[in-house]
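# Structural characterization, general
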Amino acid sequence: MIHLNFHPFPVLTTERLVLREMSLDDIDTYFIIRADEEMNKYIANPRPKTREEAQAILERMASYARDNKSIAWTIADKATDKMVGSLCLWSMDGNDDSWEFGYAILTEHQNKGLMTEALQTAIKYGFEVMNLPMISAFTHKDNASSIHLLEKNNFTRNHAAEATHAQIEELKEEMAHSVIYTLRRDK
Ligand SMILES: CC(C)(COP(=O)(O)OP(=O)(O)OC[C@H]1O[C@@H](n2cnc3c(N)ncnc32)[C@H](O)[C@@H]1OP(=O)(O)O)[C@@H](O)C(=O)NCCC(=O)NCCS
(Lines give C-alpha, C1' and ligand atoms only; values in the text may rest on other atoms or scores of the structure.)
Protein backbone atom coordinates (compact mmCIF):
# COMPACT_ATOMS: atom_id res chain seq x y z
CA MET A 1 0.00 0.00 0.00
CA ILE A 2 1.30 3.43 -0.81
CA HIS A 3 1.32 6.02 1.91
CA LEU A 4 -0.03 9.50 1.13
CA ASN A 5 0.38 11.77 4.11
CA PHE A 6 2.18 15.08 3.65
CA HIS A 7 1.37 16.35 7.18
CA PRO A 8 3.62 17.71 8.52
CA PHE A 9 5.12 18.79 5.21
CA PRO A 10 8.20 16.63 4.55
CA VAL A 11 11.20 18.97 4.46
CA LEU A 12 14.20 17.16 2.99
CA THR A 13 17.80 18.30 3.24
CA THR A 14 20.88 17.47 1.21
CA GLU A 15 24.44 18.69 1.33
CA ARG A 16 23.69 21.98 -0.46
CA LEU A 17 19.90 22.15 -0.59
CA VAL A 18 16.71 22.18 1.36
CA LEU A 19 13.53 20.86 -0.26
CA ARG A 20 10.69 22.68 1.46
CA GLU A 21 7.10 23.80 1.03
CA MET A 22 6.47 26.41 -1.67
CA SER A 23 5.87 29.90 -0.34
CA LEU A 24 4.58 33.14 -1.83
CA ASP A 25 8.12 34.53 -1.27
CA ASP A 26 9.20 32.16 -4.08
CA ILE A 27 6.88 33.72 -6.63
CA ASP A 28 9.43 35.75 -8.65
CA THR A 29 11.64 32.71 -9.15
CA TYR A 30 8.68 30.41 -9.74
CA PHE A 31 7.43 32.75 -12.46
CA ILE A 32 10.81 32.42 -14.23
CA ILE A 33 10.75 28.64 -13.81
CA ARG A 34 7.29 28.35 -15.39
CA ALA A 35 7.50 31.12 -17.99
CA ASP A 36 11.10 31.46 -19.21
CA GLU A 37 11.35 30.41 -22.88
CA GLU A 38 14.71 28.66 -22.62
CA MET A 39 13.83 26.78 -19.44
CA ASN A 40 10.56 25.60 -20.94
CA LYS A 41 11.70 24.76 -24.43
CA TYR A 42 11.05 21.03 -23.85
CA ILE A 43 7.98 21.44 -21.65
CA ALA A 44 4.45 21.41 -23.05
CA ASN A 45 2.68 23.01 -20.03
CA PRO A 46 0.95 26.32 -20.70
CA ARG A 47 3.19 29.22 -19.63
CA PRO A 48 1.90 31.86 -17.22
CA LYS A 49 1.89 35.35 -18.77
CA THR A 50 1.82 37.24 -15.51
CA ARG A 51 3.10 36.89 -11.97
CA GLU A 52 -0.53 36.49 -10.87
CA GLU A 53 -1.02 33.51 -13.19
CA ALA A 54 2.18 31.96 -11.81
CA GLN A 55 0.96 32.56 -8.28
CA ALA A 56 -2.29 30.73 -9.04
CA ILE A 57 -0.29 27.71 -10.25
CA LEU A 58 1.97 27.84 -7.19
CA GLU A 59 -1.04 27.97 -4.87
CA ARG A 60 -2.66 25.05 -6.67
CA MET A 61 0.54 22.97 -6.46
CA ALA A 62 0.84 23.76 -2.73
CA SER A 63 -2.80 22.79 -2.11
CA TYR A 64 -2.23 19.24 -3.44
CA ALA A 65 0.10 18.44 -0.53
CA ARG A 66 -2.37 19.93 1.95
CA ASP A 67 -4.98 17.55 0.47
CA ASN A 68 -2.52 14.58 0.52
CA LYS A 69 -2.80 14.21 -3.27
CA SER A 70 0.75 14.88 -4.46
CA ILE A 71 3.75 16.90 -3.46
CA ALA A 72 5.70 19.85 -4.86
CA TRP A 73 8.89 21.05 -3.24
CA THR A 74 10.71 24.33 -3.62
CA ILE A 75 14.39 23.48 -4.02
CA ALA A 76 16.21 26.16 -2.06
CA ASP A 77 19.84 26.97 -1.41
CA LYS A 78 20.54 25.65 2.08
CA ALA A 79 22.58 28.69 3.11
CA THR A 80 20.19 31.42 1.90
CA ASP A 81 16.81 29.61 1.63
CA LYS A 82 16.44 31.22 -1.82
CA MET A 83 14.56 29.18 -4.41
CA VAL A 84 16.75 27.70 -7.15
CA GLY A 85 14.35 25.14 -8.57
CA SER A 86 11.29 22.99 -8.13
CA LEU A 87 10.55 19.30 -7.93
CA CYS A 88 7.20 17.56 -7.83
CA LEU A 89 6.11 13.99 -7.39
CA TRP A 90 2.58 13.48 -8.65
CA SER A 91 0.23 10.99 -10.23
CA MET A 92 -2.37 11.50 -12.92
CA ASP A 93 -4.76 8.88 -11.51
CA GLY A 94 -3.38 8.04 -8.03
CA ASN A 95 -2.53 4.45 -9.01
CA ASP A 96 0.48 2.96 -7.24
CA ASP A 97 2.52 2.60 -10.43
CA SER A 98 1.73 5.96 -12.04
CA TRP A 99 3.84 8.38 -9.98
CA GLU A 100 6.02 10.82 -11.88
CA PHE A 101 8.68 13.41 -11.20
CA GLY A 102 8.62 16.89 -12.72
CA TYR A 103 11.66 19.09 -12.15
CA ALA A 104 13.44 22.31 -13.08
CA ILE A 105 16.52 24.23 -11.94
CA LEU A 106 17.15 27.88 -12.85
CA THR A 107 19.44 28.17 -15.86
CA GLU A 108 22.26 29.83 -13.90
CA HIS A 109 22.33 26.91 -11.43
CA GLN A 110 22.25 24.07 -13.96
CA ASN A 111 25.02 21.50 -14.46
CA LYS A 112 26.32 21.72 -10.89
CA GLY A 113 24.72 18.44 -9.83
CA LEU A 114 21.95 20.19 -7.91
CA MET A 115 19.05 18.27 -9.44
CA THR A 116 20.91 15.00 -8.93
CA GLU A 117 21.17 15.88 -5.25
CA ALA A 118 17.48 16.87 -5.02
CA LEU A 119 16.26 13.88 -7.02
CA GLN A 120 18.20 11.37 -4.94
CA THR A 121 16.64 12.53 -1.70
CA ALA A 122 13.16 12.66 -3.29
CA ILE A 123 13.61 9.13 -4.69
CA LYS A 124 14.46 7.91 -1.19
CA TYR A 125 11.36 9.70 0.14
CA GLY A 126 9.15 8.24 -2.61
CA PHE A 127 10.33 4.67 -2.03
CA GLU A 128 10.91 4.60 1.72
CA VAL A 129 8.19 6.93 3.04
CA MET A 130 5.49 6.87 0.34
CA ASN A 131 6.25 3.19 -0.38
CA LEU A 132 5.90 3.71 -4.14
CA PRO A 133 6.81 0.62 -6.18
CA MET A 134 8.18 2.70 -9.05
CA ILE A 135 8.64 6.31 -10.14
CA SER A 136 8.69 7.54 -13.73
CA ALA A 137 9.53 10.73 -15.59
CA PHE A 138 8.20 11.84 -18.96
CA THR A 139 10.67 13.96 -20.85
CA HIS A 140 11.08 15.36 -24.35
CA LYS A 141 13.20 13.02 -26.46
CA ASP A 142 15.63 15.87 -27.26
CA ASN A 143 16.01 17.02 -23.62
CA ALA A 144 19.53 15.60 -23.33
CA SER A 145 20.26 17.06 -19.92
CA SER A 146 17.04 15.62 -18.43
CA ILE A 147 17.67 12.21 -20.01
CA HIS A 148 21.28 12.23 -18.77
CA LEU A 149 20.05 13.15 -15.28
CA LEU A 150 17.62 10.21 -15.28
CA GLU A 151 20.10 7.68 -16.65
CA LYS A 152 22.75 8.84 -14.19
CA ASN A 153 20.24 8.06 -11.43
CA ASN A 154 19.51 4.54 -12.76
CA PHE A 155 16.17 5.25 -14.46
CA THR A 156 15.73 3.12 -17.59
CA ARG A 157 13.66 3.69 -20.69
CA ASN A 158 10.16 2.24 -20.30
CA HIS A 159 9.11 1.25 -23.81
CA ALA A 160 6.02 -0.62 -22.55
CA ALA A 161 4.67 2.51 -20.82
CA GLU A 162 5.43 4.59 -23.91
CA ALA A 163 3.41 2.18 -26.07
CA THR A 164 0.51 2.22 -23.59
CA HIS A 165 0.46 6.01 -23.33
CA ALA A 166 0.63 6.42 -27.11
CA GLN A 167 -2.78 4.67 -27.27
CA ILE A 168 -4.41 7.30 -25.04
CA GLU A 169 -6.14 9.88 -27.20
CA GLU A 170 -5.30 12.93 -25.02
CA LEU A 171 -1.62 11.90 -24.78
CA LYS A 172 -1.06 10.90 -28.41
CA GLU A 173 0.40 14.25 -29.44
CA GLU A 174 2.70 14.51 -26.41
CA MET A 175 3.91 10.92 -26.78
CA ALA A 176 5.03 11.62 -30.36
CA HIS A 177 8.02 13.49 -28.91
CA SER A 178 8.25 12.12 -25.35
CA VAL A 179 10.15 9.30 -23.73
CA ILE A 180 9.36 7.70 -20.38
CA TYR A 181 12.00 6.64 -17.91
CA THR A 182 11.25 4.52 -14.83
CA LEU A 183 13.04 3.56 -11.64
CA ARG A 184 11.73 0.58 -9.67
CA ARG A 185 12.17 0.16 -5.95
CA ASP A 186 14.56 -2.60 -4.89
CA LYS A 187 12.51 -5.41 -3.43
C1 LIG B 1 17.00 18.88 -16.55
C2 LIG B 1 17.51 19.76 -15.42
C3 LIG B 1 16.51 19.76 -14.29
C4 LIG B 1 18.84 19.21 -14.89
O5 LIG B 1 19.21 19.93 -13.70
P6 LIG B 1 20.73 20.08 -13.28
O7 LIG B 1 20.78 20.61 -11.88
O8 LIG B 1 21.46 20.81 -14.33
O9 LIG B 1 21.16 18.55 -13.27
P10 LIG B 1 22.55 17.91 -12.85
O11 LIG B 1 23.63 18.94 -12.87
O12 LIG B 1 22.33 17.15 -11.57
O13 LIG B 1 22.75 16.83 -13.99
C14 LIG B 1 22.65 17.20 -15.36
C15 LIG B 1 23.57 16.31 -16.17
O16 LIG B 1 23.28 16.50 -17.55
C17 LIG B 1 24.47 16.79 -18.25
N18 LIG B 1 24.14 17.57 -19.42
C19 LIG B 1 23.86 18.90 -19.49
N20 LIG B 1 23.60 19.23 -20.79
C21 LIG B 1 23.70 18.09 -21.51
C22 LIG B 1 23.56 17.78 -22.89
N23 LIG B 1 23.22 18.73 -23.78
N24 LIG B 1 23.75 16.50 -23.28
C25 LIG B 1 24.06 15.53 -22.40
N26 LIG B 1 24.22 15.76 -21.06
C27 LIG B 1 24.04 17.03 -20.64
C28 LIG B 1 25.33 17.49 -17.23
O29 LIG B 1 26.69 17.45 -17.59
C30 LIG B 1 25.03 16.67 -15.98
O31 LIG B 1 25.70 15.41 -16.02
P32 LIG B 1 27.07 15.10 -15.20
O33 LIG B 1 26.78 15.41 -13.77
O34 LIG B 1 27.30 13.66 -15.48
O35 LIG B 1 28.09 16.02 -15.77
C36 LIG B 1 17.77 21.22 -15.89
O37 LIG B 1 18.56 21.19 -17.07
C38 LIG B 1 16.50 22.00 -16.15
O39 LIG B 1 15.89 22.56 -15.24
N40 LIG B 1 16.05 22.09 -17.43
C41 LIG B 1 14.87 22.88 -17.76
C42 LIG B 1 13.59 22.25 -17.24
C43 LIG B 1 13.42 20.86 -17.82
O44 LIG B 1 13.63 20.63 -19.01
N45 LIG B 1 12.96 19.93 -16.96
C46 LIG B 1 12.70 18.57 -17.36
C47 LIG B 1 11.26 18.35 -17.37
S48 LIG B 1 10.90 16.63 -17.71
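Structure shown above.
A brief look at the structure comes next. (Residues numbered from 1 in each chain as written. Predicted model: local features only at pLDDT ≥ 70, side-chain atom pairs only at ≥ 80, totals over all residues.)

### Considerations on the overall build of the chain
Let me state the cut-off plainly: Going along the chain from the N terminus, every DSSP run of H or I of four or more residues is numbered as a helix, and every run of E of two or more is numbered as a strand. Atoms considered for the radius of gyration are the C-alpha atoms alone. The globule rule reads 2.2 Å times the number of residues to the power 0.38. Each residue is classified by how many other C-beta atoms fall within 10 Å of its C-beta atom, where C-beta atoms are placed from the backbone; a count of 20 or more means buried, 12 or fewer means exposed, and values in between mean partly exposed. C-beta atoms are placed from the backbone for every residue, and two residues are taken to be in contact when these atoms lie within 7 Å.
For the chain, the count of helices and strands is six helices and eight strands. Its C-alpha atoms give the chain a radius of gyration of 16 Å, within 12% of the compact-globule value 16 Å for 187 residues. For the chain, the spread of C-alpha atoms along the three principal axes comes to 40 × 35 × 30 Å. Per-residue burial for the chain yields a buried fraction of 26% across its 187 residues. A separation threshold of at least 6 residues defines the contact pool for the chain, and within that pool the share at least 24 residues apart is 61%.

### Observations regarding the site of the ligand
Note the following rule: Being near a molecule or strand means, for a residue, that its backbone-placed C-beta atom lies within 6 Å of it. Only Asp, Glu, Lys and Arg are considered charged in this grouping, and only Ala, Val, Leu, Ile, Met, Phe, Trp, Tyr, Cys and Pro are considered nonpolar; every other residue, Gly among them, is considered polar.
Within the structure, the ligand sits among 23 residues, and Q110, M115, T116, A144 and S145 are positioned closest to it. Of all the secondary-structure elements, those providing two or more residues to the shell around the ligand are β5 (99-105), α3 (114-129), β6 (134-140) and α4 (144-152). In terms of residues, the shell around the ligand owes the most to one element, α4, which gives six residues. Of the residues belonging to the shell around the ligand, the class tally is eleven nonpolar, ten polar and two charged.

### Focus: the packing of helix α1 (residues 27-35) against helix α2 (residues 51-66)
We count it as follows: Under this scheme, a helix contributes an axis fitted over its contacting stretch, all axes are lines through C-alpha atoms, and angles between N-to-C directions fall in the 0 to 180 degree range. Angles are sorted into four bins: roughly parallel if under 35 degrees, roughly antiparallel if over 145, roughly perpendicular if 65 to 115, and oblique for all others.
One way to put it is that α1 packs onto α2 with a least axis distance of 9 Å and a crossing angle of 95 degrees. Between α1 and α2, the crossing angle belongs to the class labelled roughly perpendicular. Along its contact with α1, which presents I27, Y30, F31, R34 and A35, the element α2 presents R51, A54, Q55, I57 and L58. Of the residues assigned to the contact of α1 with α2, the class counts are seven nonpolar, one polar and two charged.

### A closer look at α4
What counts, and what does not: Of all possible arcs, the one meant is that of the directions from the helix axis to the C-beta atoms.
Residues of α4 that are buried: S146, L149 and L150. The buried residues of α4 all sit within an arc of 95 degrees when viewed along its axis, so they share a single face. Along α4, exposed side chains directed more than 90 degrees from the buried face belong to A144, H148, E151 and K152. In the stretch just after α4, N154 is the one whose phi turns positive, near 75 degrees.

### Describing the pairing of strand β4 (residues 83-91)
It is a general feature of regular strands that their side chains alternate between the two faces of the sheet. Going by this rule: For two strands to be treated as a pair, DSSP must find at least two bridges joining them.
In this sheet, β4 lies alongside strand β3 (residues 71-77) in antiparallel orientation, the contact comprising six bridges. When the bridges of β4 are listed, I71 appears paired with L89. Hairpin connection between β3 and β4: a loop of five residues separates the two successive antiparallel strands, and D81 in this loop has a positive phi of roughly 65 degrees. Where β4 and β5 come together, seven bridges link them in antiparallel fashion. Paired with L89 across the bridge in β5 is F101.

### Observations concerning α2
Short version of the rule: A helix is expected to span 1.5 Å multiplied by its residue count minus one.
Spanning 16 residues, α2 covers 23 Å between terminal C-alpha atoms, matching the ideal 22 Å at 1.5 Å per step. Every buried residue of α2 is accounted for by A54, L58, M61 and A65. Buried residues in α2, looked at end-on, bunch into an arc of 65 degrees, giving them a common side. For α2, the exposed residues lying more than 90 degrees away from the buried face are E52, A56, E59, R60, S63 and R66. On its buried face, α2 is in contact with α1, β3 and β4.

### Digging into unusual backbone geometry
Along the chain, H7 connects to P8 via a cis peptide bond; the corresponding omega equals -5 degrees. If you trace the backbone, P8 turns up in the segment before β1 (12-13). Here the phi dihedral of N111 falls at roughly 65 degrees; this positive angle occurs in a residue that is not glycine. By the element assignment, N111 lies in the loop between β5 and α3. Although it is not a glycine, N154 sits at a positive phi angle of roughly 75 degrees. Tracing the backbone through its elements, the reader meets N154 in the loop between α4 and β7 (156-157).

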